[in-house]
Amino acid sequence: MLILSPVDRASEVPDLVGAGAEELYAGYVPPFWAEAFGPVVSCNRRSFDEANVGAIDDLDALVRAAALRDVPVHVALNASPIPDDTIPRLVATAAELARIGVRGVIVSDLSLLLALRDAKFRRLSLHASTLFSAFNGMAVAFLRRAGAERVILARELSTAEIAGMVPPAGETRLEAIGFRGRCPNIEGFCTHLHDDADRTWPCELRYGKEWGGPGDAIPPDVLHAVERDEGADRHFSCGLCAVPLLERAGVHALKIVGRGSETSRKVDAVRAVAAMREWGRNRIPAPAECARRGKELYRETFGRPCRPENCYFPEFYPGRGA
Amino acid sequence: MCPLPTEYRFLGPDGKGIAGLPDGVGAALGSEYCVHLLPTAARMADAVAEAAGRRAPLLLLTPYFRDAELKASIPLFRAIPSGANVDVAVNDWGALQTLRGLFPEMRRSIGRLLSGRKRCPRIGASPRLTEEGRRWHGEGIFSSRVARAFLAAAYRVTGYHVDDVPWSRPAQGDDDREADRPFLYVHVPNAIVTVSDDCPWIGGVSSASVASCPRPCRDRHVVLREPSMGGDLILKGKARFTSRDPGETGRPSHLGAGAVVTYRDLP
């Protein structure tokens, strides 16, 4: 299982690869898109500058730096919807990306996926974004028909559910998201606006609450469940416990979230995932052992114990999940 | 003059009360966001028969599925006889793939969770969005001729479910769009903003972690209020909705609707 890390500039490549990243993904907004839709609507769902490579020349330098280390770079074009009249221009952008050596594009819009499929790029693979909410094997089959060669699964699946999806996926590669960036909502079904990095996102706000049901107040267990995710910092999200089992199941890549974050955070994340994978490769651990080791590694990485609101795979978290 | 859209009235997960519907009004049942809020196969068969007896159309709303859940739901779909006046709204690409294979004649539409229109109240209030950027949030898969053609040809998709939000309404004089309009089911009055897999009504765990559910979410909700949002959210089940009439237009718009799905279980 490959470790797929975010990257924002060429200068980060040596450190990320040195820490264990075997694939990289970046964001890039072609000028025509920004002119058409303004500063908030990004073609890759990250509107702030730090999460995007500024210019095609910068991306070219990044791809070259990665190629020197035999590491492929993928680019996110995962906005949806893409207006029909914009599709040809994004296909042209994809051609330009392929020309400079980008190896894959991450797509969440059905029309764009179909257009890229029909363009028949020889060296550019098509990745169906997690925004397609692939919760089952038949969704993988749907996306394969639409052109996807790799499918990034819904973040909410358990290790057992993911493992069950690998054999029927056949040659379609499956990717799981498993470190940083866990959202309390299903990303593909969420329509919250993330328009300003300086104000709290809707999914992290602490809301005032008014009960509408029998009795006078929100039942304590419901209130606790609602408030658990409020104020959660997704920087601390983790799925380390699952890494050995996902690798054993045949998952192609594990994605780390975090375009736009500081280089040191990205490097720490890659290092943690690589350490967990290496530990798992040296033995055939049972899930309980994975949970123990994952929690140790979490504490070493973040300097605090893990918490349920930050857990990607709650089956490893006692008292929460399946 | 345009014909009035068909009304489907949401009658809860099990579609109880079909007999009391006014003439010409259809029934919606099921759930877009939780597998535990689907009717049983037996109840579905009864609902189909009741609706047929009244010549009322039925709309089955379906959620996203894990593999085991999708397999377990096959009897529910089997309970819909071929040729029945039933439309199935799918919110899972895998469900669409499955239904195409097993029930090729079934009428299928793309549900609100897949159709792509964005409903966060902040969209209406954000000072950072350009008008073009704001309008972009009102578009979706249904806006794309390419996607519609693919889904119609390969999956026999006949319509798209959307919410009514102010930034979704077509500009006047947009004749090109008017001429080639998809069939839209407009859901009113509460737009669905987001969905979580974790259910607060069963302790905050994934709905997949329980084999069955007593549906404690059905007769209760929580209003979530925060000034920067530009409007209240309502937590119902695993979903968060806007409060009524998010556009504050005084009356929901049915512009462009081929059908309207109405709900009465939220404030």
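Residues numbered from 1 in each chain as written. Chains lettered and ligands numbered in written order. Predicted model: local features only at pLDDT ≥ 70, side-chain atom pairs only at ≥ 80, totals over all residues. Heavy atoms only, no water.

### Notes on the overall build of chain A
Each helix and strand counted, chain A has 11 helices and nine strands in total. Taken against the 2.2 N^0.38 rule, which gives 20 Å for 322 residues, the C-alpha radius of gyration of chain A at 20 Å falls within 12% of a compact globule. Reported as C-alpha extents along the three principal axes, the dimensions of chain A are approximately 60 × 50 × 40 Å. A burial count over chain A gives 62% of its 322 residues as buried. In chain A, the share of contacts with a sequence separation of at least 24, taken over all contacts with a separation of at least 6, comes to 69%. Of note, chain A has its 40 positive side-chain charges centred 5 Å away from the centre of its 43 negative side-chain charges. (Helix = DSSP H or I, 4+ residues; strand = E, 2+ residues; numbered from the N terminus. Rg over C-alpha atoms; globule rule 2.2 N^0.38 Å. Buried < 20%, exposed > 50% of the residue type's maximum accessible area, 1.4 Å probe, protein only. Contact = heavy atoms within 4.5 Å. Lys, Arg positive; Asp, Glu negative; His and termini not counted. Charge placed at Lys NZ, Arg CZ, Asp CG, Glu CD.)

### Concerning helix 10 (residues 263-281) of chain A
All names here are of chain A. For helix 10, spanning 19 residues, the distance from its first C-alpha to its last is 27 Å, which sits close to the expected 27 Å at 1.5 Å a residue. Those residues of helix 10 that fall on the buried side of the exposure criterion are K266, V267, A269, V270, A272, V273, A274, M276, R277, W279 and G280. Of the surrounding secondary structure, the elements contacted by the buried residues of helix 10 are strand 1 (2-6), helix 1 (13-19), strand 7 (173-179), helix 9 (243-249), strand 9 (253-256) and helix 11 (287-302). (Expected span 1.5 Å × (residues − 1).)

### Concerning the environment of R181(B)
Residue and element names in this part refer to chain B. Relative to the elements of secondary structure, R181 occurs in the loop between helix 9 (175-179) and strand 7 (184-188). Accessibility expressed as a relative area gives 41% for R181, which makes it partly exposed. Each C-alpha atom of the pair R181 and P216 lies 40 Å from the other, and the pair is 35 residues apart in sequence.

### Re the interface of chain A and chain B
Between chain A and chain B, the contact holds 65 residues from the first and 68 residues from the second. At the boundary of chain A with chain B, total buried surface from both sides reaches about 5600 Å², with 61% on carbon and sulfur atoms. If you sort the residues of chain A by the area they bury against chain B, F142(A), F189(A) and T191(A) come out on top, with a joint share of 13%. The tally of links from chain A across to chain B stands at four salt bridges. The shortest N-O distance in the salt bridge between E210(A) and R225(B) comes to 2.9 Å. The tally of links between chain A and chain B comes to 27 residue pairs in polar contact (both at pLDDT 80 or more). For the side of chain A that touches chain B, the secondary structure elements donating two or more residues are helix 2 (31-37), helix 5 (110-119), helix 6 (137-145), helix 7 (159-169), strand 8 (208-212) and helix 8 (220-228) of chain A. The element best represented in the side of chain A that touches chain B is helix 6 of chain A, accounting for six residues. Residue composition of the side of chain A that touches chain B, by class: 36 nonpolar, 14 polar and 15 charged. (Buried area = accessible area lost by both parts, 1.4 Å probe. Salt bridge = Lys/Arg side-chain N within 4 Å of Asp/Glu carboxyl O. Polar contact = N/O pair within 3.5 Å; in protein donor to acceptor, adjacent residues only side chain to side chain. Nonpolar A, V, L, I, M, F, W, Y, C, P; charged D, E, K, R; others polar.)

### So, the nonpolar core
In this structure, W33(A), L59(A), M44(B), L58(B), W93(B) and L151(B) are the most contacted members of the largest nonpolar core, which totals 186 residues. Looking at which element gives the most residues to this core, the answer is helix 10 of chain A, with eight residues. Aside from chain neighbours lying at most four places away, what touches L151(B) is L110(A), F142(A), W93(B), L96(B), I110(B), I141(B), R156(B), V157(B) and Y160(B). With 10 residues, the next largest nonpolar core counts Y8(B), F10(B), L59(B) and V261(B) among its residues. (Core = buried A, V, L, I, M, F, W, Y, C linked by side-chain atoms within 4.5 Å.)

### Looking at the environment of N310(A)
Residues and elements named next belong to chain A. Here N310 is to be found in the segment after helix 11. C-alpha separation for the pair N310 and W201, spaced 109 residues apart in sequence, amounts to 16 Å. Those residues within four positions of N310 in sequence are excluded, and the remaining contacts are R182, D233, R234, F236, S237, C238, Y298 and R304. Here the side chain of N310 touches D233 through a polar contact of 3.1 Å, landing on its backbone oxygen. Within the local environment of N310, its side chain forms a polar contact with the side chain of R304, the two groups lying 3.1 Å apart.

### Concerning unusual backbone geometry
Cis geometry marks the peptide bond from S80(A) to P81(A), where omega comes out at 5°. Within the secondary structure, P81(A) is located in the loop between strand 3 (73-77) and helix 4 (87-99). At the junction of V188(B) and P189(B), the peptide bond is cis and its omega measures out at 5° in the coordinates. A positive phi angle is found at S133(A), which is not glycine, with a value near 55°. Checked against the element boundaries, S133(A) lands in the loop between strand 5 (125-128) and helix 6. The exposure class of S133(A) is buried, given its relative accessible area of 3%. The phi dihedral of R215(B) falls on the positive side, at around 60°, and the residue is not glycine. Following the sequence through the fold, R215(B) ends up in the loop between strand 10 (205-206) and strand 11 (221-225).

### Points about the packing of aromatic side chains
To describe a pair of aromatic rings, one takes the distance between the centres and the angle between the planes. This model, assessed by the stated rule, comprises 17 aromatic pairs over all chains. Each ring, one from Y8(B) and one from Y185(B), has its centre 6.1 Å from the other, and the planes form 45°; the classification is tilted. Here the residue Y8(B) occupies a position in strand 1 (residues 6-10), and Y185(B) occupies one in strand 7, the gap between them amounting to 177 residues. Each member of the pair, Y8(B) as well as Y185(B), is classed as buried. Ring geometry for Y33(B) versus F241(B): centroids 6.2 Å apart, planes at 70°, classification edge-to-face. Of this pair, Y33(B) sits in the loop between strand 2 (26-30) and helix 1 (41-53) while F241(B) sits in strand 13 (residues 239-242), and the two are 208 residues apart along the sequence. Pair check on accessibility: Y33(B) and F241(B) agree, each one buried. One aromatic cluster is present, formed by F142(A), W93(B), F150(B) and Y155(B) through successive ring pairs. When the ring centre of F236(A) is taken as origin, the NZ or CZ atom of R304(A), which lies over that ring, is 3.8 Å away. (Phe/Tyr/Trp six-rings, centres within 6.5 Å; stacked < 30°, edge-to-face > 60°. Lys NZ or Arg CZ within 6 Å of the ring centre and 35° of its normal.)

### Section: the pattern of salt bridges
What the rule picks out here adds up to 39 salt bridges over all chains. For the salt bridge of R155(A) with E187(A), the shortest nitrogen-to-oxygen distance reads 2.5 Å. A residue pair is termed long-range when its members are at least 10 positions apart, and R155(A) in the loop between strand 6 (150-152) and helix 7 and E187(A) in the loop between strand 7 and strand 8 qualify at 32 residues. There is no split in this pair, since R155(A) and E187(A) are both buried. Here R119(B) ties to D163(B) by a salt bridge, and the two come within 3.3 Å at their closest N and O atoms.

### Quick look at the pairing of strand 2 (residues 23-27) of chain A
All names here are of chain A. Burial of strand 2 is extensive: five of the five residues sit out of reach of the surface. Of the two faces of strand 2, the one holding E23, Y25 and G27 and the one holding L24 and A26 are both buried throughout. Note: strand 1 against strand 2, three bridges, orientation parallel. Opposite P6, over in strand 2, you have Y25 as the bridge partner. (Pairing = 2+ DSSP bridges.)

### Here's the deal with the sheet that holds strand 3 of chain A
All names here are of chain A. Taken together, the eight strands give a closed barrel; going around it, the order is 1-2-3-4-5-6-7-9, and neighbouring strands pair in parallel fashion. Averaged over all adjacent pairs, the angle separating strand axes in this sheet is 30°, with direction ignored. Of the pairings in the sheet, the one linking strand 3 to strand 4 (residues 104-107) comprises four bridges and is parallel in character. Along strand 4, the bridge assignment pairs V75 with V105. (Axes fitted to C-alpha atoms, helices over the stretch in contact; angles between N-to-C directions.)

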